[in-house]
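# Examining the three-dimensional arrangement
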Amino acid sequence: MPKIVYFWWAVALLLIVGEILAPGVFMLWLGIAAAAMGLILLLGGAGMSYLWQAVVFGVLAFVSVGVYWKFLRGNERVSDQPLLNKRGAQLVGRVVPLLEPIVNGRGKVQIGDALWTVRGAEAPAGTRVVIESVSGMNLDVRPAEQPATPSL
């Protein structure tokens, strides 16, 4: 068995281990291309020059990444909790009291153990506001509608 086959398989192994350590589903496909290159050399391409090996590896890499993009990329499972890691987006629609008044368009609310900066129309502390959207670490709010008082 030619020594160059071991080289390509070592490259494949390093790329796949790299994928395990830093997941991103990219190095895996390059590792598969490197393993395929080693297999091609084992099955009869041992006399191939280094330049042609690099060219064939490049083609195999494009093909393997293309296969991933075309056939496998869109098949990921849809989460039953799409907002799980989007804490701000989970807050949209909640009604909370202002901890600090909104002055010059900015104020603060406390949700759980976190303080959030809010943006909205001027309002005194204690006013109940509805969170409408999230912009980075700021919550955009509007005053909540007061419940109707029963008439006697």
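To start, this report covers the structure provided alongside it. Every chain is numbered independently, its residues counted from 1 as its sequence is written. Note on the predicted model: pLDDT of at least 70 is required for a residue's local features to be given, and 80 or more for side-chain atom pairs to be given and counted; whole-chain, interface and lining totals, by contrast, use all residues. The basis for every side-chain value is the complete set of heavy atoms in the structure, and neither hydrogens nor water enter the calculation.

## Section: the sheet that holds strand E4 (residues 128–135)
Quick note on the threshold: In this description, strands pair whenever DSSP reports at least two bridges between them. Starting at the N terminus, helices and strands are each numbered in turn, a helix being any DSSP run of H or I of at least four residues and a strand any DSSP run of E of at least two. Each axis is a line fitted through C-alpha atoms, taken for helices only over the stretch in contact, and angles between the N-to-C directions span 0 to 180 degrees.
Sheet architecture is closed into a barrel: 5 strands sit in the order E1-E2-E3-E5-E4, paired in mixed fashion. Put simply, the sheet's adjacent strands are angled 50° from each other on average, direction ignored. One ladder, built from 3 bridges, connects strand E1 (residues 95–103) with strand E2 (residues 106–111); its direction is antiparallel. Directly across from Leu-98, in E2, lies its bridge partner Val-109.

## Side note on the pattern of salt bridges
Note the cut-off: The salt bridge criterion pairs a side-chain nitrogen of Lys or Arg with a carboxyl oxygen of Asp or Glu, the two atoms within 4 Å. Only protein chains enter the area calculation, which uses a 1.4 Å probe; residues under 20% of their type maximum are buried, those over 50% are exposed, and those in between are partly exposed.
Taken as a whole and judged by the stated rule, the model has 2 salt bridges. For Arg-119, the salt bridge goes to Asp-140, with nearest N and O atoms at 2.9 Å. Placement of Arg-119 in strand E3 (residues 114–119) and of Asp-140 in strand E5 (residues 138–143) is noted, with a sequence separation of 21 residues between them. With a relative accessible area of 17%, Asp-140 lands in the buried category.

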